[in-house]
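Survey of secondary and tertiary structure
Now for the letters of each chain:
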Amino acid sequence: MIAVFLANMSLGQETEAPEDPAEIPFALPRSGPFNPADIDIGNETAIADWFRSAHANAAAEAFSHWDDDGEVQAACATCHSGEGFRDFHGLDGSEPGVVDGTIDVGGVVDCGTCHNAGLAQVTEVTFPSGLVHPVRGVEASCLTCHQGRSAGTDVAEAIGDQELDAPNPDLRFINPHYATAAATWLGGYGAAGYHYQGQDYSGRFFHARPVETCNSCHQPHTLEVEFEACTTCHQAEEPAAIRIARQSYDGSGDTDKGISADIQSNADLLLEMIEAYTDDVVGAPVIYDGNRYPYFFADANRDGAIDMADGRPVAYASWTPRSLRAAFNWKLITADPGNYAHNPQYTLELLYDSIADMADPLGVDMEDLNLLR
Ligand code: HEC
Ligand code: HEC
Ligand code: HEC
Ligand code: HEC
Ligand code: HEC
């Protein structure tokens, strides 16, 4: 059960709060339960749309993860609760740029996260790479929460100038975090990925007017992609089938499928190569399991199953600088299901460079793969 407050909502109307928030039966704003005289149709639709969306799903892991602890740590609160978000940006009168303490559990991305007069004062958002990006209005909210938590620069720092193929038990998988759409979107300029030396990377995906912002494609309450709008410029049955490129990037020669299929195919290839490299070159095979943090596990006895110790899966601890940076790029890309629409070019470049880096020690000839960067 969640209570949603329109306290800071710039669009909403001021109404009396119920005496006891615990008595609110549904996810209603303070102005609810609905009184036709108080609430206009637009608001009602917005609430209904939002209520069915992932942003309102209090039971999701992204909002319930802290329930047993009873509080959300400051480091996590910014993106996992509207209250934490307002605290971080100083919209609650606190110092901006920091969450002052733990935040109550039970929060979601509530109305006051995006409908907040104070957002106008947020003029820039800092990304994990250190990039400070100028923002306007509601964009500040999407870019704060969908930027991920680490960047290629963190990987570069961890591996320093260590020998590329020497396993180092001190290296741990660096997780870019989840739903990293804004990081993909800003491309090489946002520097979310691990950038290989000597390579240039495409910058922000400007796409075409008017598809320039998150909300030009995503309905801000349902969060769904408004596909109708795409078809004014693209001919396709669904977003994933959209393609402009006349070349094939994945070596298949097939240019009838969506660009997303090239990306998927190269991502699959990269994971296979990481697995082959840890086995053949490092001598310590890795197993990927997308359902368990930290996702990459050991299989020292090569039985094809994740090693267990004390009833727990053994995290992979034989990373080399080369496998760590490739695994980071792979996870960053696959953590964004909209990568092909957010920045297809940057995504393809990161994949190509990571594959090329793996190909070298594996003795694979890039020419034979027939990929395009
Ligand atoms: C920069 C914003 C941001 C910060 C800071 C952040 N997260 Fe997240 N996190 C997200 C977003 C966005 C998602 C939603 C991904 C999805 O489920 O689509 C998410 C998802 C999650 C999930 C669900 C993953 C899954 O598999 O469904 C967990 C668990 C999580 N975060 C833990 C944490 C913890 C622990 C911290 C603090 C140490 C933290 N997050 C800090 C943005 C953030
Ligand atoms: C993730 C950000 C976000 C959240 C959360 C959010 N909104 Fe919105 N809302 C927007 C944006 C962006 C627009 C502007 C849409 C436009 O300009 O076309 C908007 C528009 C509106 C409008 C104008 C009519 C319409 O539907 O376009 C109303 C009313 C509204 N929101 C109410 C709410 C209410 C009530 C809640 C909570 C139940 C809520 N919003 C939650 C981002 C959000
Ligand atoms: C306070 C942090 C926060 C803000 C602000 C925010 N999001 Fe989210 N968003 C999340 C989290 C957390 C999830 C995952 C929720 C879940 O797993 O139920 C999510 C999920 C999503 C999803 C996935 C929907 C799905 O069906 O899985 C989309 C799309 C999305 N957000 C777009 C946006 C856009 C566009 C904006 C800006 C208008 C925005 N978000 C603002 C934190 C945020
Ligand atoms: C060109 C249109 C476009 C733009 C601009 C865009 N997106 Fe997306 N987005 C998509 C498509 C297409 C998908 C994949 C379709 C899907 O999964 O619903 C997607 C997927 C997502 C997802 C994952 C949804 C899921 O199912 O897990 C999130 C989160 C997201 N976008 C957030 C954002 C944010 C934040 C921005 C702004 C930085 C943004 N998007 C800009 C088209 C766009
Ligand atoms: C106003 C016209 C226009 C609209 C509307 C539009 N696009 Fe695009 N789209 C383009 C153009 C032009 C390109 C090529 C841009 C470039 O390569 O710089 C493109 C490229 C793409 C690509 C990459 C294709 C490839 O082969 O590289 C994807 C994916 C995409 N758009 C998805 C979408 C989605 C999803 C929507 C709707 C939410 C959308 N577009 C709406 C004009 C548009």
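- Where an unreviewed UniProt entry is consulted, the chain appears under the name Cytochrome c3 family protein, with the organism given as Psychromarinibacter halotolerans.

**Section: the overall build of the chain**
- Counting secondary structure elements, the chain contains 15 helices and eight strands.
- Put simply, 59% of the contacts in the chain that link residues at least 6 apart link residues at least 24 apart.

**Topic: helix 11 (residues 259–282)**
- For helix 11, built from 24 residues, the straight-helix expectation of 34 Å at 1.5 Å per residue is met to within 8% by its first-to-last C-alpha distance of 33 Å.
- Residues of helix 11 that are buried sit in contact with strand 5 (286–288), helix 12 (321–334), helix 13 (339–342) and helix 14 (344–362).
- Looking one or two places after helix 11, you find Gly283, whose phi comes out positive at around 80°.

**Here's the deal with the confidence of the model for the chain**
- Averaged over all residues, the pLDDT of the chain is 91; the fraction at 70 or higher stands at 89%.
- Residue range residues 1–19 is modelled with pLDDT below 50. Its contacts to residues more than four positions away, or to other chains, number 45 contacts.
- Ignoring residues within four places in sequence, the model shows residues 21–26, a span with pLDDT below 50, making four contacts including any to other chains.

**Looking at the nonpolar core**
- Ranked by internal contacts, the top residues of the largest apolar core, which has 55 residues, are Leu270, Ile274, Ala327 and Leu351.
- For this core, the secondary structure elements donating two or more residues are helix 6 (139–145), helix 7 (152–159), helix 8 (181–190), helix 11, strand 6 (296–298), helix 12, helix 13 and helix 14.
- Each of domain 1 (21–122) and domain 2 (148–283 + 318–369) accounts for three or more of the residues forming this core.
- Ignoring anything within four residues of it in the chain, the contact list for Leu270 reads Ala326, Trp330, Leu351, Ser354 and Ile355.

**Here we look at helix 14**
- For helix 14, with 19 residues, the first-to-last C-alpha span of 27 Å sits near the 27 Å given by 1.5 Å per residue.
- Gly363 sits one or two positions beyond helix 14 and adopts a positive phi of about 70°.

**Points about the site of ligand 5**
- Residues in contact with ligand 5 amount to 19 residues; listed here are only the nearest, Cys217, Cys230, Cys233, Ala245 and Ile259.
- For the shell around ligand 5, the secondary-structure elements that each account for two or more residues are helix 10 (227–230) and helix 13.
- Here the shell around ligand 5 is composed, by residue class, of 15 nonpolar, three polar and one charged.

**With respect to the site of ligand 1**
- The immediate surroundings of ligand 1 are formed by 16 residues, with Ala62, Cys76, Cys79, Tyr178 and Ala179 found nearest.
- Secondary-structure elements contributing two or more residues to the shell around ligand 1 are helix 2 (61–64) and helix 3 (74–80).
- The element contributing the most residues to the shell around ligand 1 is helix 3, with five residues.
- Considered class by class, the residues forming the shell around ligand 1 number seven nonpolar, seven polar and two charged.
- Residue assignment places the shell around ligand 1 across two domains, with domain 1 (21–122) and domain 2 (148–283 + 318–369) each supplying three or more.

**Overview of the packing of helix 11 against helix 14**
- Closest axis-to-axis distance for the helix 11/helix 14 pair is 9 Å, and the angle between their directions is 25°. By the angle class used here, helix 11 and helix 14 are roughly parallel. Every pair of crossing elements has a handedness; the one defined by helix 11 and helix 14 is left-handed.
- By residue class, the composition of the contact of helix 11 with helix 14 is 17 nonpolar, three polar and two charged.

**Quick look at the environment of His218**
- Position of His218 relative to the elements: it lies in the loop between helix 9 (214–217) and helix 10.
- Residues in contact with His218, not counting those within four places in the same chain, are Leu223, Glu224 and Val225.

**Notes on the packing of helix 12 against helix 14**
- One way to put it is that helix 12 packs onto helix 14 with a least axis distance of 10 Å and a crossing angle of 150°. The orientation of helix 12 relative to helix 14 falls into the category roughly antiparallel. Viewed along their axes, helix 12 and helix 14 form a crossing whose handedness is left-handed. Contacts between helix 12 and helix 14 involve Arg322, Ala326, Asn329, Trp330 and Ile333 on the former and, on the latter, Thr347, Leu350, Leu351, Ser354, Asp357, Met358 and Pro361.
- Residues of the contact of helix 12 with helix 14, tallied by class, amount to seven nonpolar, three polar and two charged.

**Description of unusual backbone geometry**
- Of note, the bond from Arg209 into Pro210 is cis; its omega dihedral lies within 30 degrees of zero at 0°.
- In this structure, Pro210 sits in the loop between helix 8 and helix 9.
- For the peptide bond that leads from Tyr293 to Pro294, omega is -5°, which places it in the cis range.
- Within the element layout of this structure, Pro294 appears in the loop between strand 5 and strand 6.
- Of note, His177 is a non-glycine position whose phi angle comes to about 85°, a positive value.
- Turning to its location among the elements, His177 is positioned in the loop between helix 7 and helix 8.
- A positive phi angle, close to 55°, is found at Ala191, a residue other than glycine.
- Inspection of the secondary structure assignment puts Ala191 in the loop between helix 8 and helix 9.

Criteria and cut-off values
- Position numbers for residues count from 1 along each chain, tracking the sequence in the order it is written.
- Written order determines the labels here, with chains lettered from A and ligands numbered from 1.
- Restriction of local features to residues with pLDDT of at least 70 applies here, the model being predicted, together with a cutoff of 80 or more for giving and counting side-chain atom pairs; totals for whole chains, interfaces and linings are based on all residues.
- Secondary structure counts use DSSP, requiring at least four H or I residues in a row for a helix and at least two E residues in a row for a strand, with both numbered from the N terminus.
- Contact definition: two residues whose C-beta atoms, as placed from backbone geometry, lie within 7 Å.
- Each helix should span, by expectation, one fewer than its residue count multiplied by 1.5 Å.
- pLDDT: the predictor's confidence for each residue, scored from 0 to 100.
- For our purposes the nonpolar core covers buried Ala, Val, Leu, Ile, Met, Phe, Trp, Tyr and Cys residues that link as a set through C-beta atoms within 7 Å.
- Three exposure classes are used. Buried residues have 20 or more other C-beta atoms within 10 Å of their own C-beta, exposed residues have 12 or fewer, and partly exposed residues fall in between, all C-beta atoms being placed from the backbone.
- Bear in mind that the domain bounds are from an automatic or database domain assignment.
- Using a C-beta atom placed from the backbone for every residue, we mark a residue as near a molecule or strand if that atom lies within 6 Å of it.
- When residues are sorted by character, Ala, Val, Leu, Ile, Met, Phe, Trp, Tyr, Cys and Pro go into the nonpolar class, Asp, Glu, Lys and Arg into the charged class, and all the rest, Gly among them, into the polar class.
- Interaxial angles span 0 to 180 degrees and are taken between N-to-C directions of axes, which are lines fitted to C-alpha atoms, for helices over the stretch in contact.
- In what follows, roughly perpendicular refers to angles from 65 to 115 degrees, roughly parallel to angles under 35, roughly antiparallel to angles over 145, and oblique to any angle outside these ranges.
- Left-handed describes a crossing whose near helix is turned anticlockwise from the far helix through less than a right angle; right-handed describes the clockwise counterpart.

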